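A closer look at the structure
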Amino acid sequence: MAVDEKQLTEDILRLAATDVRRCMQCGRCSANCEAASKMDLLPHRVVWDLNSGYASELLEADAPWQCLSCMACEERCPRGVSPARIMEALRLLQIRQQGNNKLSAESVEHYPSDMPQQLLVAAFRKYNK
Ligand code: SF4
Ligand code: SF4
């Protein structure tokens, strides 16, 4: 079944609660992202995808799982956009897409061994209910 890009974009933006239309693609978010070298999609590209109707690409991306939730992208954005919140929304939607809405201790073995512990702890707090 074809993905409804418009609905998916709305779902992501509702969860992220950030106005991607304000983005001017300056790239400052990506330039200040400590995890950028590990990402398959850089933060500014994630915002671009949402503005361009390519939301389904984001559900396949590994970048949200490399994100450290450090919020540097949000702090440095001159337009008040938060790629960090989009990354968080994408993590949640990817989990839901797998038929899950929570993380179990057993699922940890499926994630990269170099995943930041802070991310795992934060994810457990949020999705282990
Ligand atoms: S820093 Fe802000 S305005 Fe610049 S590309 Fe990133 S999200 Fe867009
Ligand atoms: S919150 Fe994530 S995307 Fe934003 S700068 Fe930090 S690691 Fe990069």
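Above this text sits the structure in question.
An account of the accompanying structure is given in this report. As the structure is a prediction and not an experimental result, all values here were calculated from the model.

**Looking at the site of ligand 2**
- Taken together, the neighbourhood of ligand 2 is formed by Cys33, Met39, Pro43, Cys67, Leu68, Ser69, Cys70, Met71, Ala72, Cys73 and Ala84.
- Of the residues assigned to the shell around ligand 2, the class counts are 10 nonpolar, 1 polar and no charged.

**Looking at the packing of helix H1 (residues 5-16) against helix H7 (residues 83-97)**
- Where H1 contacts H7, the two axes come as close as 8 Å, and the packing angle between them is 125°. The orientation of H1 relative to H7 falls into the category oblique. When you trace H1 past H7, the crossing you get is right-handed. Residues Asp11, Ile12, Leu15 and Ala16 of H1 form the contact with H7, whose own contacting residues are Arg85, Ile86, Ala89, Leu90, Leu92, Leu93 and Arg96.
- Across the contact of H1 with H7, the residue classes tally to 8 nonpolar, no polar and 3 charged.

**Comments concerning the nonpolar core**
- By size, the foremost hydrophobic cluster in this structure holds 25 residues, and its most contacted members are Ile12, Met39, Val46, Leu50, Leu58, Ile86 and Leu90.
- Looking at which element gives the most residues to this core, the answer is H7, with 5 residues.
- Apart from residues no more than four positions distant in its own chain, Leu50 is found in contact with Thr9, Ile12, Leu13, Val20, Ala55, Leu58 and Ile86.
- Counting 5 residues, the second-largest nonpolar core is a separate cluster that includes Trp65, Ile95, Met115 and Leu119.

**Remarks on helix H3 (residues 43-52)**
- Where H3 is concerned, the buried positions are Pro43, Val46, Val47, Asp49 and Leu50. Taken around the axis of H3, the buried residues stretch over an arc of 155°, which confines them to a single face.
- Against the buried residues of H3 lie H1, helix H2 (28-31), helix H4 (55-60) and H7.
- The first or second residue beyond H3 is Gly53, which carries a positive phi of 80°.

Definitions and cut-offs
- Residues numbered from 1 in each chain as written.
- Chains lettered and ligands numbered in written order.
- Predicted model: local features only at pLDDT ≥ 70, side-chain atom pairs only at ≥ 80, totals over all residues.
- Heavy atoms only, no water.
- Near = heavy atom within 4 Å.
- Nonpolar A, V, L, I, M, F, W, Y, C, P; charged D, E, K, R; others polar.
- Axes fitted to C-alpha atoms, helices over the stretch in contact; angles between N-to-C directions.
- Helix = DSSP H or I, 4+ residues; strand = E, 2+ residues; numbered from the N terminus.
- Parallel < 35°, antiparallel > 145°, perpendicular 65-115°, else oblique.
- Left-handed = near helix turned anticlockwise from the far one by under 90°.
- Contact = heavy atoms within 4.5 Å.
- Core = buried A, V, L, I, M, F, W, Y, C linked by side-chain atoms within 4.5 Å.
- Buried < 20%, exposed > 50% of the residue type's maximum accessible area, 1.4 Å probe, protein only.
- Arc of directions from axis to C-beta.

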